[in-house]
Amino acid sequence: MSAMVPVAGGARVRAAAWADLRAERGAVAGLLLLNVLASAAGLAGPWLLGRIVDAVRAGSGDVLGTVDRLALGVLVFTVAQVLLGRWALAVGYRFGERTAARVRERFLARALALPPSVAEHVPAGDLVARGSTDASVVATTLRRAVPEVVVAVVQAGLLIAAVLVLNPLLGLCGLVCLVGVGAALRWYLRRARPAYLTEAATGARLADVVTSTAKGARTIEALALEDRRAQAADAAVADARAARLRTLWLRTVLFPSFDVSCALPVVGVLLVGGAMHANGLVSVGVVVTATVYMRQLVGPLDTLTLWVEQVQGAIASYARLEGLAEVPREEPGPAGSPEDDRIEVSGVRYAYDGGRDVLRGVDLVVRPGERLAVVGASGAGKSTLARLLAGLDRPRTGSVTVGGTPVADLPPDRLREQVVLVTQDHHVFHDTVRDNLRVVRPHASDEELRGALEAVGARWIDDLPRGLDTEIGAGISLDGARAQQLSLARVVLAGPHTLILDEATALLDPRTARETERSLAALLRGRTVIAIAHRLQTAHDADRVAVLEAGELVELGTHDQLVSAGGHYARLWASWHGGHDGRDPGRQPGAAGASPHPAAGTGTRWRSVRDTDGNATAGPG
Ligand code: ATP
């Protein structure tokens, strides 16, 4: 069912990183300049120290005065290095924060821009792991690693250049000894990318298993699937653990090799420098300066190893974040504008994930303003047809169009002006009532919001402590009926010409269902309504009835036509009819209730009918 979200390749990651750096080129230039200046100031100290050693050894002239002046120089340059270094870090952190924000916002924008037909099939756990764990790893790295790595690279480069200028032979000797560092890093980097990608992927898989288990807890309990889910979680934990151990092993090899390799240049310069001094080729001061430079190199190299590991993980996370841009959009060009409100389904076939077709050549025209009921046995394909009509999925072959435009091609904001699917799934955000409603119309005025709430009978808004500004979730929660009303008010605001109702009230208790149906009644007035009918009363009251049987549209007509035709619908009607003491519920409105559908709840009442308590229920139509 769920498609994997791609991971971006090296070229895309490099291009994205380059674009992020270019967007901050001022800060990057400042970061480099300040670091070069700070590192150059840092080079002066050891050089002046060498001069002090040579001056003391020469012992001629004003030795004390010379040493004082040189020592003052060491102090001045050290202070300058500290100040420039701090400034550089501040610039670096600001750069990191801004870039981290940009990366997060880009991810969020991409996630929100996923077409519904794609978003529905993306594994939620993976998406959550990318948006949280991966985004945090990238943000932390940009915030801390990038400035510190830049400092370390600049420092290391200048130190190596300085020791080469000081004495090329000693410099070369130091560099040769650095080969060990290079070898350790090369060994590590070759293995790190796949290892970190696996670690991130297994972590995401674990999150996915846990999320889906928690989400489906009731179903799992009802079907006694606990053991299977526990096994799936155990397997995911074992994979995640193995992947973590692999990256841990890489680190345990890298760090000790690095430490040993870092000591080698100091030893090398001391040995070769000592021999050269013994042969009168260099002064002690030069050997001291070169040794201190080599010793100072350990600092930046240490920083680099520390971060190289973090940076590897961050590159893998960055590749996962950028991977969202590679999710296939299935969008064949810009959608045109629907010419009218007519919905046309033609030659539609649909299969879930390459399986067998669950819709097989469905043709149907829904006329504007009509009330169409879709009936059929469980598994006949009613909900699948509803999803295609609402543009949440795309037919495998054939087309579903509104006013001549494929429904699934419409961008989300255009789509919800045309067709909205109302199910029992409704989401209330932890936010104010106002913002909960404005998700569909960001600029709606308070009057419009109140009007929408009133239209669905949500008078409770006046009882909330702060009206539209009341935060839902912070101590105030909405029960099923109110949450449903809130989501219906969103539909009022969206103002689609066509509504598809699929079990909108099926799982609610009868009283809540009745309240919700009253709210629905207001919503249905004047619109085209396609109802997935779980109660045949709904079909009886509809203008036309479409009967689905094993994915095929086998009958289409008015209730009376289909009953007299004596086909599938007539049989369904007869069995339902039989369950109602021989009374025709169409003619005896008091008889609402049982249905041949085992999962049936209450249905859509779009004519004036009576509810089970015998109270009049105002219905549209
Ligand atoms: P019900 O009244 O029980 O909801 P329905 O008529 O709405 O049934 P659909 O839910 O559209 O039928 O299902 C049609 C077929 O597609 C069934 O065989 C079902 O098992 C299959 N199906 C539904 N959803 C999925 C899915 N997400 N992945 C794979 N197969 C699915």
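Residues numbered from 1 in each chain as written. Predicted model: local features only at pLDDT ≥ 70, side-chain atom pairs only at ≥ 80, totals over all residues. Heavy atoms only, no water.

> Sorry, what's going on with the sheet that holds strand S6 (residues 419–422) here?
For sheets, the rule is that strands pair by backbone hydrogen bonds, running either parallel or antiparallel. Read from one edge to the other, the open sheet built from six strands follows the order S6-S7-S8-S3-S9-S10, with strand pairing classed as mixed. Only two strands of the sheet have a single neighbouring strand rather than two, namely S6 and strand S10 (552–557). The average angle at which neighbouring strand axes cross in this sheet is 20°, direction not considered. With five bridges connecting them, strand S9 (residues 544–549) and S10 associate as antiparallel partners. Bridge assignment links Leu548 to a residue of S10, and that residue is Leu553. (Pairing = 2+ DSSP bridges. Helix = DSSP H or I, 4+ residues; strand = E, 2+ residues; numbered from the N terminus. Axes fitted to C-alpha atoms, helices over the stretch in contact; angles between N-to-C directions.)

> Looking at this model, I keep getting lost on the nonpolar core. Mind explaining?
Soluble globular proteins: nonpolar side chains tend toward being buried together. Counting residues in each nonpolar core, the largest one holds 30 residues, and the members touching the most others are Val433, Leu437, Leu453 and Leu486. Sorting the residues of this core by element identifies S6, helix H13 (433–438), helix H14 (446–455), helix H15 (480–494), strand S7 (498–502) and helix H16 (510–524) as the ones contributing at least two each. Considering every element that reaches this core, the biggest residue donor is H15, with seven residues. Of all hydrophobic cores here, the second largest spans 29 residues; its members include Leu364, Leu385, Val400 and Ile532. (Core = buried A, V, L, I, M, F, W, Y, C linked by side-chain atoms within 4.5 Å. Buried < 20%, exposed > 50% of the residue type's maximum accessible area, 1.4 Å probe, protein only.)

> Teacher, can you tell me more about the pairing of strand S3 (residues 371–376) here?
Note on strand geometry: in a regular strand, side chains alternate between the two faces of the sheet. With respect to burial, S3 is a largely interior element, six of its six residues being buried. Side-chain alternation along S3 places Arg371, Ala373 and Val375 on one buried face and Leu372, Val374 and Gly376 on a second face that is also buried. Judged from the four bridges that link them, S3 and strand S8 (residues 528–532) form a sheet pairing that is parallel. Note on S8: the bridge partner recorded for Val374 is Ile532. Sheet topology places S3 next to S9; five bridges connect them, and they run parallel.

> What is the right way to look at the sheet that holds strand S2 (residues 357–366) in this model?
The strand order across the open sheet formed by four strands is S2-S1-S4-S5, and the pairing between neighbours is antiparallel. Taken across any chain shown, the strands that pair with only one partner, and hence form the sheet edges, are S2 and strand S5 (405–406). Pairing of strand S1 (residues 343–351) with S2 involves seven bridges; the strand directions are antiparallel. In the strand pairing of S2, Tyr350 is matched with Leu359.

The values are spatial; any link to function lies outside them.
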